[in-house]
Amino acid sequence: MPQVRVEKVCSDPEVHLIRIDDDRIKYFEATWDIPEGITYNAYLMKLKDAVVLFDTAKGDYTDLFMEALRKLVDPKEITHIIVHHTEPDHSGALPKVLEENGYRAQIIGTAFARNLLQGFYGEKVVENFRVVNDGEEMQIGGKTFRFIAVPWLHWPDTMITYVVEDKLIFSCDAGGGYGIPESIDDSDGKVVEEYLPHVTKYIVTVIGHYHKYIVQNIKKLKELGIIESAKMILPGHGLVWRKNPMRIFEHYERVGAGIPTKDKVLVIYDSMYGFVEGRMEIVIDELKKLNKKPIVYRFTDKEASAVSDILGEVPDSEALIIGVSTYEADIHPRIRYVLYEIFDKTNYEKPVLIVGAFGWGGVAGKKIEGLITTSKFDLVDTVESRGMPAKEDEEKLREGVRKLVSWIS
Ligand SMILES: Cc1cc2nc3c(=O)[nH]c(=O)nc-3n(C[C@H](O)[C@H](O)[C@H](O)COP(=O)(O)O)c2cc1C
């Protein structure tokens, strides 16, 4: 059952986190398996003559959100609502907030955000909307709020807010992750270590399609000098970063650039009746002999891996091995979908070995080769043959793995 956590994260200025812990969700964006759940973070800042709300929560949890908000402030007293990104997991409760606010608050966001809010919730919601441009500053309650556009992190509407005097970055989706961390901030190293793989999975599934913008936007923020000096990063999902604020953007940069973890090789395969699997056992054995660490995801008649988990493993892998059967003169449907998402969301310059099995005419290997040609990945070799692997197939498979490993080193 989703819970709400309300905690003061900063005393001067007074900032409260309102975090909805969504453990009911199964498929984020109706697609990505997230048994780890997700949080929706909003923040309330109380200043001398202003009360500022940064984002809201998913519409399903409007009542929970309003209850928490009312404990902190009479919604009528909210003077400004900053909308960093209009995706409904952050904006769903906005119409209700405005209704209880009596439409007094000024809403602040990009021109894109204004149009999207109007489309999602109607004209009334944007009546008092103030469009801000990239780099624009506003004085609110004695503080300087600088708004910085970070387009495609994760939509074209997205911006972050930098509170200049206090060096606080309200970063919405940028800096966020899946999971429901047991603490609210990064003070516990163990919590951070458990959380970061969920961040990687979030980055690739949610922002991966635009991953070049991760690198570009972080470069932009670094050039503005606000990341190095940030005292706190307050994202729209997951942990608040106040012990080591740099860490989350360093992690984003590593994922964006696809920096590998030494010796990690991602192995993905389908096998309907065990013929591909027989090949993969040889491949995995050879990888281990060469001191590589295979991470294996499979699709069989007994198990199906979550595609979101597979995608989360790609950025820090040194190389990929794809095992595939030919299915109705095409790539097996499970692998077809996985590859579609890999090439779309995690398109990195990494070597790939294809291992295939077929019955009467191999097609899958050739089709994957074609897909690799139009991606950033590099084809090392294709080892494809009929049915049960013969002795000479085994030698070719081991040779293929050796080629892949020498490509990495
Ligand atoms: C539904 C289905 C469709 C298949 N389509 C083809 C095909 O179009 N061409 C081919 O050469 N083999 C085809 N095969 C045979 C498999 O590719 C072959 O048996 C392969 O060894 C399967 O490996 P696996 O048991 O590890 O999945 C098909 C098999 C099945 C069950």
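Just so it is clear, the structure is predicted and the values come from calculations on it, not from any experiment. (Residues numbered from 1 in each chain as written. Predicted model: local features only at pLDDT ≥ 70, side-chain atom pairs only at ≥ 80, totals over all residues.)

Engineer: Could you give an account of unusual backbone geometry, naming the residues involved and the relevant values?
Structural biologist: Residue proline 13 is bonded to the preceding aspartate 12 through a cis peptide linkage, with omega at 0°. Although it is not a glycine, glutamate 328 adopts a positive phi angle of roughly 45°. Along the polypeptide, glutamate 328 turns up in the loop between β17 (319-325) and α10 (333-345). (Helix = DSSP H or I, 4+ residues; strand = E, 2+ residues; numbered from the N terminus.)

Engineer: Residue-level account of the site of the ligand, with values.
Structural biologist: In the vicinity of the ligand, 19 residues are found, and the nearest of them are Met272, Tyr273, Val276, Ser325 and Gly359. Ranked by residues supplied to the shell around the ligand, first place goes to helix α8 (residues 275-289) with 3 residues. Taken together, the residues that form the shell around the ligand break down as 9 nonpolar, 8 polar and 2 charged. (Near = placed C-beta within 6 Å. Nonpolar A, V, L, I, M, F, W, Y, C, P; charged D, E, K, R; others polar.)

Engineer: Please set out the UniProt feature "domain: Flavodoxin-like" (unreviewed entry) in the chain residue by residue, giving values where relevant.
Structural biologist: In the numbering adopted here, UniProt assigns the feature "domain: Flavodoxin-like" (unreviewed entry) to residues 265-405. Here residues 265-405 is 43% helix and 26% strand, with 9 Å between the C-alpha atoms at its ends. (UniProt positions renumbered as here; feature names shortened; annotations may be inferred.)

Engineer: Help me get a handle on the packing of α8 against helix α12 (residues 391-408), residues and values and all.
Structural biologist: The interhelical angle for the contact between α8 and α12, taken along N-to-C directions, is 45°, at an axis separation of 9 Å. Taken together, the axes of α8 and α12 lie oblique to each other. Where α8 crosses over α12, the handedness of that crossing is right-handed. Facing Arg279, Ile282, Val283, Glu286 and Leu287 of α8, the residues of α12 in contact are Glu394, Leu397, Arg398 and Val401. Looking at the contact of α8 with α12 residue by residue, the class counts come to 5 nonpolar, no polar and 4 charged. (Axes fitted to C-alpha atoms, helices over the stretch in contact; angles between N-to-C directions. Parallel < 35°, antiparallel > 145°, perpendicular 65-115°, else oblique. Left-handed = near helix turned anticlockwise from the far one by under 90°. Contact = placed C-beta atoms within 7 Å.)

Engineer: Got a sec to walk through the pairing of strand β15 (residues 264-270)? Specific residues and values, please.
Structural biologist: When a strand is regular, its side chains alternate between the sheet's two faces. Buried residues dominate β15, accounting for 6 of its 7 residues. Regarding the hand of the β-α-β motif, the stretch spanning β15, α8 and strand β16 (residues 293-299) is right-handed. Relative to β17, β15 runs parallel, the two being bridged by 5 bridges. Bridging across to β17, tyrosine 269 finds its partner in glycine 323. (Buried ≥ 20, exposed ≤ 12 C-beta atoms within 10 Å, placed from the backbone. Right-handed = clockwise from strand over helix to strand, strands pointing away. Pairing = 2+ DSSP bridges.)

Engineer: Any chance you could break down the sheet that holds strand β19 (residues 378-386) for me, citing the residues and the numbers?
Structural biologist: In spatial order, the strands read β16-β15-β17-β18-β19; together these 5 strands make up an open sheet with parallel pairing. Each end of this open sheet is capped by a strand with a single partner; those strands are β16 and β19. Each adjacent strand pair in this sheet contributes to an overall mean axis angle of 15°, direction not counted. Relative to β19, strand β18 (residues 351-358) runs parallel, the two being bridged by 8 bridges. Considered in β19, the bridge of proline 351 is made with aspartate 378. Here α10 sits on the sheet in contact with β15, β16 and β17, set at roughly 140° to β15. Across the sheet, helix α11 (residues 364-373) touches β17, β18 and β19, and the angle it forms with β18 is around 160°.

Engineer: Which residues make up the sheet that holds strand β13 (residues 168-172), and what are the values?
Structural biologist: One open sheet accounts for 5 strands, arranged β10-β11-β12-β13-β14; its pairing is mixed. Edge positions in the sheet fall to β10 (137-140) and β14 (232-235), since each has one partner strand and no second. Taken over all neighbouring pairs, the strand axes of this sheet differ in orientation by 25° on average, direction set aside.

Engineer: I'd love a proper account of the environment of glycine 122, names of residues and values included.
Structural biologist: Mapped onto the secondary structure, glycine 122 falls in the loop between α4 (111-121) and β9 (129-131). On the basis of neighbour counts, which here come to 11 C-beta atoms within 10 Å, the residue glycine 122 falls in the exposed class.

Engineer: Explain the confidence of the model for the chain residue by residue, including any values.
Structural biologist: In the predicted model, the chain carries a mean pLDDT of 97, and the fraction of residues at 70 or more is 100%. Interface confidence for the predicted complex, given as ipTM, is 0.99, next to a pTM of 0.95. (pLDDT = per-residue confidence, 0-100.)

Engineer: Please give an account of the environment of methionine 388 that cites residues and values.
Structural biologist: Looking at the secondary structure, you find methionine 388 in the loop between β19 and α12. Counting along the chain gives 112 residues from methionine 388 to valine 276, while the straight-line C-alpha distance between them is 8.2 Å. Beyond its immediate chain neighbours, meaning those up to four positions away, methionine 388 contacts Phe275 and Gly278.

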